[in-house]
Amino acid sequence: MNFWLLSPELSLCAVALLVVMLDLFVKEKNVLAFVSIAGLIVSAIFAIGLWAPGQHTSFAGMLLVDQFSIFFKCLILGIAALVILASMEYVKKFSRFQGEYYALVLMSAGGLMLMASTGELVSIYISLELASISLYALVSFLRDPKSSEAGLKYLILGAISSAVLLMGMAFVFGLTGTTHLEEIASVIASGQVLRAPALLLGLILLIAGFGFKIAAVPFQMWVPDVYEGAPTPITAYLSVASKAAGFAVILRVFYIAFGSDMLSGNWAMIFAVLGAISMTLGNVVAISQSNIKRMLGYSSIAHAGYIMVGLAAVGFLGRSGILFFLATYALANIGAFVSIITISNKINSDEIGDYTGMARRAPVLSLVLAFCLISLIGIPPAAGFIAKFYIFNAAIQSGLLWLVIIGVLNSVISAYYYLRVVKVMYIGAPASDEPIPSSVPLRITLALTSLG
Amino acid sequence: MPGVVLLAIFLLPLFSFLFISLVLRPFFNNSPKLSGYTIIGCLAAALGLSIWVMMSAEQFPIEIATEWAVVGDFTINLGFVADRLTAMMLIVVTGISLLVQIYSQGYMHGDSGYHRYFANMSLFTMSMLGLVLASNLMLVYVFWEGVGLGSYLLIGFWFHKPSAAAAAKKAFIVTRFGDFGFLVGILILYFTSNPHTFNIAELNHMAITGVIGGTALTVGALGLFSGAVGKSAQFPLHTWLPDAMEGPTPVSSLIHAATMVAAGVYLVARTLPIFASSETAAMTVAIIGGFTAIFAASMGLVMNDIKRVLAYSTVSQLGYMMLGLGSVGVAVAYGHLTYDEGIAFGIAVGIFHLFTHAFFKCLLFLGAGSVNHSTGTFDMRFMGGLRKYMPWTFGLFLLGSLSLAGIWPLAGFWSKDMIVLSAWEHAPQILFWFALITVFMTAFYMFRVIFMTFFGEYRGGEPGHGHGDEHDHGTPHESPLVMVFPMFMLGIMALVSGWSIWWGGGAKFLGEGEYYHLHAAHWHGHGFFDVFTHAGQDPMPLIALLVALGGIFLAYAIYQAKWISAEALGRAFKPVHTLLSRKYYMDELYEDIIVRGLLQNGLFRLVELMDKYVVEGVVNGVGKLTTFSGSIIRRAQTGQLQLYGMVMALGVVVIMAVFLAWK
Amino acid sequence: MITEIAFWVIAVLLIGSALAVVLLKDIFKAALFLILCFFTVAALYITLNADFLAAVQVLVYIGAIGILLMFAIMLTRELSRGSPFNKLSLPALVVAGLVLVMIVVIVVSTDWGSLQVASQGVQMAIDEPTTGYIAEALFDKNNGFVLPFEIASVLLLAALIGAIVLVRGKEKE
Amino acid sequence: MGIESIHPLSLILFIPTLGAVIIALFIRDAKAVKLTAAAFTLVAFILSLIIFIQFDRSGGLQFVEQANWIGSIGAQYYLGVDGLSLPMVILTTFLGFVSVFISWKVSERTREFFIWILLLETGILGVFMSLDLLLFFLFWEVELIPMYMLISIWGTPPPLGRKEYSATKFVIYTLFGSAFMMAGILSLYFSTPAPHTFDMVAIATGGLGWLQPVMPLAGIFFLIFAAFAIKLPVFPLHTWLPDAHTDAPTAVSVILAGVLLKMGAYGMIRLVAGFGGGGLVPGVAEHYSQILIVFAVISVLYGAAATMRQTDLKKMIAYSSVSHMGFVLLGIFALTQLSLAGAAMQMFSHGLITGLLFAMVGLVYEKTHERRIPFLGGLARQMPVITVVFSIAGLAALGLPTTIGFAAEFTVFAGSYGSTAFPGIQVMVVLAILGIVVGAGYILWMLERVFYRDPLEKYDGVGDANTMEKAYIFAFVALIMLFGVYPRLLLDVVSPMFSIWG
Amino acid sequence: MHLGIEHYLILSAVMFCIGLYGALAKRNAIVILMCIEIMLNAVNIAMIAFSRYVVPDMVLLTGHVFAVFVMAVAAAEAAVGLAIIINIYRSRQSVDVEQVDMLKW
């Protein structure tokens, strides 16, 4: 067993513990954040250190270290770092438990990273739960009614969905006698199982379970409520990291275990249809939202839909398209959330209407937010454009013209509500002239996200 | 004569235009006289050059050309050509324009838009010269629009008067209807010619040799004619011309009597071989011309505005010219005449009248302007007795009227009778009778004008009358020399221009063929009495003369001798009188019913509504639908977490079911 | 034969107790039936030659989760309000029924007999005690579940931290 | 060929962006901002003029720059100009330069305004220069955000306008079109033989035999066409245009009418005629020219009819654009060398003329604060220079000879009339020509109501154009007349492109 | 009648659905958690049954291991879940999920 391959996650957990410990001794709580970030950086260094072509496995083939997983690790680490940076102001809301907050973020990041780099169902389940349980706690971390409600909803629905997921895993395991993805693939390839209806059931249950993570219709209902109620940095975290890891798992499971041509047509079609519905529903409902976090919740449903287009386009292009899309989506969404965090902190409101004239009170923040939203629409020069292009490119290659057309039309719809925010910020008169300062960590975050 | 002379004739007024608008207007705004001198100088030079061109007749045709646009094998050559027709038109245009500019020095004295006036005049003259010089249809079209622009600007010269602004607009739009056909005609002719060309001479040649023919030629020719109808104010596009009298009087005399309105006639004459190759086209020209002649004259009978009488008279006379051209065209089409003789004859007939008409009609307008200058009104009911106050004007106006009425030996007699004759010989009978009746009417309304204006007692003008050019007027007085002099010159031309026929100048110059002896020479080129001596052989001139005298007599009877009461007559024929003075309700038909009713409040409004409610409605509807469905769907998000769970579970079942069904 | 009888008995008990959990109005009784349900499951494991699992089931579910639930019930003083159904109970029944039908149909229509495979996982003969094998399966160098085990430890830690943070009173400013 | 070595196209393309960046980072003072913007746009304009002069009139792509961009999918940074795009580039840089002066009086959030204007210029230039489909598409969309901002912030506020609505509508409409275009471009991409390419030149020269269509070519054609049809705009996809035009600030209206609409026409010509050979999607236009020309004629007449009913000056000119762009569509799908050249001419011509018209409306509005025709009148006395120039622009718009309007329209008509695209096209052309008659109607009506008749007292002393304004409006007039009197200046550049079309 | 995997699977399915029904239909959050535990137990039954039957005449221990992990996770989930519920209870004096609908639309 090569523990070296696990070094990023191990170091992360160690830092998590360290942060909890430090919390007891350190007065200046910002130190905790910096330690956490340092831990993330270290972890990232480890991860990058593992970068090599080919695939390395450890723990009896359960841990897969390849460029795919390292990509996700770095992505998730980056997101976590940005979230922590963005939280530094925000955590002042709860003077106690800051250490736990950071630790939970770190541990969930560890879980998400593991999701992206395991090749075995049990590990996938456990790491998924690691991430989820940390997130349940984080979502209800504010302990005000809204936050608790969000936590409860997230937890109960999450638990139900993981039961469903488990049922699916059980069926897959029962049909193939193994939980290793590669082996599942080879059993399936050998024939017999392929025609078993139970395999189909297993597949659909898996889709349902993972669909919950990525917020695909019809497993998306929790999203707006939880996004609205959760502490904003955690919403940001949920909307990108959790989703990214979800897609990483789906890519792994479906490409490796169920990648055979006989099967991929089936699940690709399911993903295509669900994707189409997700983006349409997400975008259409987002139009009528007045709370910006909620709106971004619906938008994240829609984005899950776009990414599922990439899933439906089985193949290399689809895969790389998803990766690229996730990266840009992560940056844009985090950037948007960071701006929202700062602005909302100041004006104590998440209502879009209260953002009027923000461009004058907080020019930089508004610019970043606008830019991120534009990236989410997918208009050049923002990176979101190239990302969408990639995904749709892949879909066209797979002959999914109808899906692409639905997708691009959805971008049109999405422009409507994203631009509404931009409009409010840039056109209206400010409610007060008091400028909204952006702290240094925020500035760093913004600078980073703007690269997207 | 080098070809560059043609260019120079064209460029002189252009220079004048540019110099006035770019140098004088911005920098010498306080010395208005300068612009008058500029244009007079330029036009005098142009007239000189034009005479040189005319002298060089034996070198004709003289051509210069350049490539204007080349796209693949599509080439538009821009070129000028000088032939006899052109040469004659050049003289008319430069000569009359020069005289009118001199007149304008007096007439426009003190007007605040002095520079603008002469700049526009230069622009117009330039375009008109370009029009007559152009060797191909494209270029004709270019200047065709150019003179239209000049006309537009000058009719609307007093743009602050709503009536003038409206008249300018009307003139442009109505003629543009004709131009639409013109443009289509050009395209048809271009694409039926082989090889494709815009060159008029080549097109004519192709028409004669039958390269172009059939329906295409007919439609093409009718297209050209529609341009001519618009520009020459023929029925049914004549309505703009009377309104165009809102412009300053010199403008009316130059543009709307002598030159621009004649452009349509000129165009038909230029392309006569094309018309002559199609029976339908030629007949259409003849019929429209003949009908317009009588139609317009009838309205002239009842107008009280002196300029409007003249305007209808102009329309009527232009109809004459068309009739002349058309009837000869018919003759050729039926084979009564060969192309060569027919075309030469036709051009001679039509253009000769154009030539003479230009002078005397211009004279009449200037006379009217002069009257206005002193009385401040154009309404004849407020004039009277001016003979005493304005002897020169009276004399010259009488001269012009006699000429127009076609009284021997004035110019109108010669040229008009050629048309009547050719209508008699070649056109359907009815057109001849139209022509003849028109002669009567013409004489009548002109002398109605004479009697109402110059005889009887002065009725005091009318201060504050809407039409008045802005001048002081107390008691009527003779106009200054600068105005009388051009009238005098024109009077001379009105007297003598017809005589050119004696020495074989005018008409022969145009006709240039041996055919001449067959049809006209036996009675032209002789003395006064010859007309009577040859009457038995060819009674037409005599008949026409008698008819004209009849018209004069009737006018005398009613308006001077008052043997017949005008009022009683008006009452007796009230419906007719109303119909005529309302101009057959054509304006109402066009403006109220067609433009406002059918188009603006009908079709266009329909389009607007459709745009607003259907097209836009669909667009907004889609948007609204999206938003609305969003607000509906969000209601599903009730906040009940168990509902969410149920949707998830149900989702699994539905996916499974749909999937199985799909498989 | 004994296994069969045991199965049927257990099945009836299991379904009965599970239904009792759902249907009973008294929350405390429901909790007790839940514990009965856990016990029955443990018994079922034994019929499936999973003795170790049965033990763990008793320990974890009854010892930990059951007690936890009881505490929670006490803490929230919800006894009086009992365990009512919500407005969605009927549609929920339909949905659950549909899910059941779906799974049953699929299970029945699958020809399980023909699907048996050879697996590389740790295996044992049917009547052996499982404990040792489970240890092997968990910690085998080549085939074990070490990674999940390690993750699970972090998971428990995270749950611990989370639960502590959440349960502790709101700080008084 | 020294100019080649400095990558002139890239320079032209990014100089405005550079200007925007410099303004954003370093310049605070409003006056300095304007001067900077003017300087940068001027440099771009001069460079493009140099290119125009150096351009080899015999045709072909020139000043090509090619570099790898996104290697994995074969996208390149690939720029070049030919006879079609060069005039558009000139027009864009010219309008960009002029728009700085048109906007000289913008006082609200000046910096941002000029930054957006400059970015907009880059976006539009990019569309005309790109030879790579992906790059093309990228620039196609880049222009959206500046436009959105410009209209929604500096547009006409209520009650006269609905700037936010219009801005959103513009963006949504355009995105709607680009949605289809993206699908079309991707389909086209996968129709090229592997390794697939976005190279427009390669696709256009590859032709029918070379492509391996993943779907019927007509499908690809119309997917891409949809975006262009919206931009052009073609009835019934035009309703964004009146709103956007009406509510945009003057300079933006000028650019919108001047070059933004041309992006649609430009794209169509590329689609049909490519780079002097077959189009990007070859062999389709011929089959559908009939229906498309019917739409062209409807656009012409419908636009003209709708124009007749407008009472807002800007809206009126906006609707007239629908009508005039119909001629472009007619020229394109008549599919002859002449008609295509005419369409290209008409693009240029409409850009200048309508640009000027909007600039003039802007001036009138700026001076009188009114642009509803019933409330205007008799302005000729108060603002003679504006009247003259407005009239010239109007007359050019109605196709008066010696203006470029005539040269362009005549070329279109002549080219289309001689087309053999389908029997009876002549009837369509004749109907389209009817459009210029109606055109005379609304232009003259508008001139009469706004400038003629009795002067109104309330506008006494509003003042005429000042020297700077005169300078740029006369520049417009000069160009309109120059190309009108001597269209070869333009035609010689444009027409070799279409030499294979008979 | 020979006991086959189907029996266990159907039993598991029945339990799963009872749990699901309870989780969807009860108002008390704690009961919902209890029902979720039933669902997890159902899954575990399926796991063990598969372990027993997937390889003929052998017990495949992977399922057992899986079940162990599921139990661990279930415990953790229950802990966090109850913590959240207690939080809810503190702020609302109720654990009725039907009233937990501040966040909606």
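Note that the structure is predicted; figures quoted are calculated from it, not measured.

Regarding the overall build of chain E
Okay, so step 1: In terms of regular secondary structure, chain E is built from three helices and one strand.
Okay, so step 2: Listed by position from the N terminus, the elements making up chain E come as α-α-β-α.
Okay, so step 3: A compact globule built from 105 residues would reach a C-alpha radius of gyration of about 13 Å, whereas chain E, at 17 Å, exceeds it by more than 25%.
Okay, so step 4: Projected onto its principal axes, the C-alpha positions of chain E cover 55 × 25 × 25 Å.

Description of the overall build of chain C
Okay, so step 1: Counting its secondary structure elements, chain C contains six helices and one strand.
Okay, so step 2: Taken over C-alpha atoms, the radius of gyration comes to 21 Å for chain C, far larger than the 16 Å a tight globule of 173 residues would show.
Okay, so step 3: Its C-alpha atoms put chain C at 60 × 40 × 30 Å along the principal axes.
Okay, so step 4: Scored against the burial criterion, the 173 residues of chain C give a buried share of 48%.
Okay, so step 5: Accessible surface, chain C: about 8100 Å² in total, of which carbon and sulfur atoms supply 74%.

Some thoughts on the arrangement of the chains
Okay, so step 1: No other pair among the eight pairs of chains in contact exceeds the contact count of chains C and E.
Okay, so step 2: Regarding chain C and chain D, the two do not touch, and the least distance separating their C-alpha atoms is 36 Å.

Examining the nonpolar core
Okay, so step 1: Counting 811 residues, the largest nonpolar core has Phe171(A), Phe254(A), Phe258(A), Phe333(D) and Phe413(D) as the members making the most contacts within it.
Okay, so step 2: Considering each element in turn, this core owes the most residues, 20 residues, to helix 2 (residues 29-53) of chain E.
Okay, so step 3: Beyond its immediate chain neighbours, meaning those up to four positions away, Phe333(D) contacts Phe221(D), Phe225(D), Met268(D), Val272(D), Ala285(D), Ser289(D), Leu292(D), Ile293(D) and Ala421(D).

Concerning the pairing of strand 1 (residues 62-70) of chain D
Every other side chain in a regular strand lies on the same face of the sheet, so the side chains alternate between the two faces.
Residues and elements named next belong to chain D.
Okay, so step 1: Two elements, strand 1 and strand 2 (residues 75-81), share six bridges in a ladder whose sense is antiparallel. By the bridge assignment for strand 2, Ile-70 is matched with Ala-75.
Okay, so step 2: Adjacent in sequence and paired antiparallel, strand 1 and strand 2 are bridged by four residues, among which Gly-74 carries a positive phi angle near 75 degrees.

Some remarks on empty space enclosed by the protein
Okay, so step 1: The tally for this structure, following the rule as stated, stands at 17 cavities of 30 Å³ or more.
Okay, so step 2: As a volume, the largest cavity reaches approximately 120 Å³.
Okay, so step 3: Taken together, 16 residues line the largest cavity, and the ones lying closest to its centre are Val164(A), Leu205(A), Met648(B), Ala649(B) and Val652(B).
Okay, so step 4: Those elements that provide at least two residues to the lining of the largest cavity are helix 6 (145-176) and helix 8 (197-214) of chain A, helix 28 (641-662) of chain B, helix 4 (89-109) of chain C together with helix 1 (5-25) of chain E.

Let's talk about the interface of chain E and chain A
Okay, so step 1: Facing the 41 residues of chain E at the interface are 40 residues of chain A.
Okay, so step 2: For the pair chain E and chain A, the summed buried surface comes to about 3400 Å²; carbon and sulfur atoms form 81% of the total.
Okay, so step 3: Of all residues in chain E, the largest losses of buried area upon contact with chain A belong to Phe66(E), Glu77(E) and Leu103(E), amounting jointly to 21% of the total for that side.
Okay, so step 4: Between chain E and chain A we count one salt bridge in total.
Okay, so step 5: Between Arg92(E) and Glu149(A) there is a salt bridge; the shortest N-O distance is 3.0 Å.
Okay, so step 6: There are one residue pair in polar contact (both at pLDDT 80 or more) connecting chain E and chain A.
Okay, so step 7: Those elements that place two or more of their residues in the side of chain E that touches chain A are helix 1, helix 2 and helix 3 (62-92) of chain E.
Okay, so step 8: In terms of residue count, helix 3 of chain E provides more of the side of chain E that touches chain A than any other element does, 16 residues in total.

Some points on the packing of aromatic side chains
Note on aromatic pairs: each is described by the distance of the centres and the angle between the planes.
Okay, so step 1: Scanning the model with the defined rule gives 88 aromatic pairs over all chains in all.
Okay, so step 2: Judged by centre distance (5.2 Å) and plane angle (25 degrees), the ring pair of Phe291(B) and Phe295(B) falls under stacked. Remark: Phe295(B) and Phe291(B) occur in helix 13 (residues 279-300); sequence separation between them is four residues, near one turn of the helix.
Okay, so step 3: Plain terms: the ring middles of Phe128(D) and Tyr266(D) are 5.1 Å apart, the flat faces sit at 85 degrees to each other, and that makes the pair edge-to-face. With Phe128(D) in helix 4 (residues 110-129) and Tyr266(D) in helix 11 (residues 250-273), this pair connects stretches of sequence that are 138 residues apart. The burial state of Phe128(D) is the same as that of Tyr266(D); both residues are buried.
Okay, so step 4: Here the aromatic cluster, defined as three or more aromatic residues joined through ring pairs, consists of Tyr141(B), Trp144(B), Phe182(B), Tyr190(B), Phe191(B), Phe198(B), Phe406(D), Phe410(D) and Tyr417(D).

Some thoughts on the side chain of Asp243(B)
Okay, so step 1: Note that Asp243(B) resides in helix 9 (residues 240-243).
Okay, so step 2: Contacts of Asp243(B), omitting those with residues within four sequence positions, involve Ala167(B), Lys170(B), Arg308(B), Lys583(B) and Asp587(B).

Quick notes on the packing of helix 28 of chain B against helix 4 of chain C
Okay, so step 1: Their axes nearest at 9 Å, the elements helix 28 of chain B and helix 4 of chain C cross at an angle of 35 degrees. The interaxial crossing formed by helix 28 of chain B with helix 4 of chain C has left-handed handedness. Contacts between helix 28 of chain B and helix 4 of chain C involve Met646(B), Ala649(B), Leu650(B), Val652(B), Val653(B) and Met656(B) on the former and, on the latter, Pro91(C), Ala92(C), Val95(C), Leu98(C), Val99(C), Met102(C) and Ile106(C).

Overview of the environment of Ala30(D)
Residue and element names in this part refer to chain D.
Okay, so step 1: Looking at where Ala-30 falls in the secondary structure, it is placed in helix 2 (residues 30-54).
Okay, so step 2: Residue Ala-30 is classed as partly exposed on the basis of its relative accessible area, which comes to 30%.
Okay, so step 3: Taking the C-alpha atoms as reference points, Ala-30 and Gly-439, separated by 409 residues in sequence, lie 40 Å from one another.

Structural notes on a nonpolar patch on the surface
All names here are of chain C.
Okay, so step 1: Residues Met-1, Ile-2, Ile-5, Val-9, Leu-13, Phe-33, Leu-36 and Phe-39 make up a contiguous nonpolar surface patch of roughly 790 Å² in combined accessible area.
Okay, so step 2: Those elements that provide at least two residues to the nonpolar patch are helix 1 (2-23) and helix 2 (27-47).
Okay, so step 3: Assignment of secondary structure puts Met-1 in the segment before helix 1.

The rules we used
Residues numbered from 1 in each chain as written. Chains lettered and ligands numbered in written order. Predicted model: local features only at pLDDT ≥ 70, side-chain atom pairs only at ≥ 80, totals over all residues. Heavy atoms only, no water. Helix = DSSP H or I, 4+ residues; strand = E, 2+ residues; numbered from the N terminus. Rg over C-alpha atoms; globule rule 2.2 N^0.38 Å. Buried < 20%, exposed > 50% of the residue type's maximum accessible area, 1.4 Å probe, protein only. Areas by Shrake-Rupley, 256 points an atom, 1.4 Å probe, with all protein chains shown as cover. Contact = heavy atoms within 4.5 Å. Core = buried A, V, L, I, M, F, W, Y, C linked by side-chain atoms within 4.5 Å. Pairing = 2+ DSSP bridges. 1 Å grid on protein atoms, 1.4 Å probe; cavity = no way out; pocket = protein on both sides within 12 Å on 5 of 7 lines; lining within 4 Å. Points joined across faces, edges and corners; volume = space filled by probe spheres on them. Buried area = accessible area lost by both parts, 1.4 Å probe. Salt bridge = Lys/Arg side-chain N within 4 Å of Asp/Glu carboxyl O. Polar contact = N/O pair within 3.5 Å; in protein donor to acceptor, adjacent residues only side chain to side chain. Phe/Tyr/Trp six-rings, centres within 6.5 Å; stacked < 30°, edge-to-face > 60°. Axes fitted to C-alpha atoms, helices over the stretch in contact; angles between N-to-C directions. Left-handed = near helix turned anticlockwise from the far one by under 90°. Patch = residues over 30% accessible without salt bridge, like charges linked within 9 Å, V, L, I, M, F, W, Y side chains within 5 Å.

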